[in-house]
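Chain and residue survey
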Amino acid sequence: MRLRAPKSQERSRFEEFDESNKMILGTLLRALIKKNLKTWEECLPNAEFAYNHAVHSASKYSPFQSVYGFNPISPLDPIPLRLS
């Protein structure tokens, strides 16, 4: 099976989306890494989780929720208490 190349309009939208994501992830990594540039690889899982857990303004869903239908549980999420 051969994949077709996207049309120019589709390509420009994809490239715009890709550049936007690169800027967001770059900003997120800079905030996590700060001045310790040698630990950027250790920060990738945290950056990925933060990005995939954040609700996006256009879709009103997080990327994780868009794909799987629910948001992942975070260690910072409150645990529901049993009242009985």
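Note that the structure is a prediction, hence the values are computed from the model and not measured. (Residues numbered from 1 in each chain as written. Predicted model: local features only at pLDDT ≥ 70, side-chain atom pairs only at ≥ 80, totals over all residues. Heavy atoms only, no water.)

**A short note on the overall build of the chain**
Check the secondary structure of the chain and you find 3 helices and 0 strands. When the helices and strands of the chain are placed in sequence order, the string is α-α-α. Buried positions account for 11% of the 84 residues belonging to the chain. A sequence separation of at least 24 residues applies to 15% of the contacts in the chain between residues at least 6 apart. In the structure as shown, the chain presents an accessible area of about 8000 Å², 60% of it carried by carbon and sulfur atoms. (Helix = DSSP H or I, 4+ residues; strand = E, 2+ residues; numbered from the N terminus. Buried < 20%, exposed > 50% of the residue type's maximum accessible area, 1.4 Å probe, protein only. Contact = heavy atoms within 4.5 Å. Areas by Shrake-Rupley, 256 points an atom, 1.4 Å probe, with all protein chains shown as cover.)

**Notes on the confidence of the model for the chain**
Chain-level pLDDT for the chain is 76 on average; 77% of the residues reach the 70-or-more range. Across the chain, the element-wise mean pLDDT spans from 72 in helix 1 (residues 8-33) up to 89 in helix 3 (residues 63-68). (pLDDT = per-residue confidence, 0-100.)

**Focus on unusual backbone geometry**
Phi is positive for Lys60, close to 65°, though the residue is something other than glycine. Within the secondary structure, Lys60 is located in the loop between helix 2 (40-53) and helix 3.

**Observations concerning the environment of Leu28**
When you line up the elements, Leu28 lands in helix 1. Residue classification places Leu28 among the partly exposed positions, given a relative accessible area of 23%. Separated by 18 residues in the primary sequence, Leu28 and Asn46 place their C-alpha atoms 9.6 Å from one another.

**What about the side chain of Ser62?**
Residue placement: Ser62 occurs in the loop between helix 2 and helix 3. A polar contact is formed between the side chain of Ser62 and the backbone oxygen of Asn52, at a distance of 3.4 Å. Setting aside chain neighbours within four positions, we find Ser62 in contact with Asn52, His53, Ala54, Val55, His56 and Asn71. (Polar contact = N/O pair within 3.5 Å; in protein donor to acceptor, adjacent residues only side chain to side chain.)

**A word on the packing of aromatic side chains**
This model, assessed by the stated rule, comprises 2 aromatic pairs. Judged by centre distance (4.6 Å) and plane angle (45°), the ring pair of Phe64 and Tyr68 falls under tilted. Of this pair, Phe64 and Tyr68 both sit in helix 3, separated by 4 residues, roughly a single helical turn. Each ring, one from Phe64 and one from Phe70, has its centre 5.5 Å from the other, and the planes form 80°; the classification is edge-to-face. We classify Phe64 as partly exposed; its relative accessible area is 21%. By relative accessible area, Phe70 is classed as partly exposed at 48%. (Phe/Tyr/Trp six-rings, centres within 6.5 Å; stacked < 30°, edge-to-face > 60°.)

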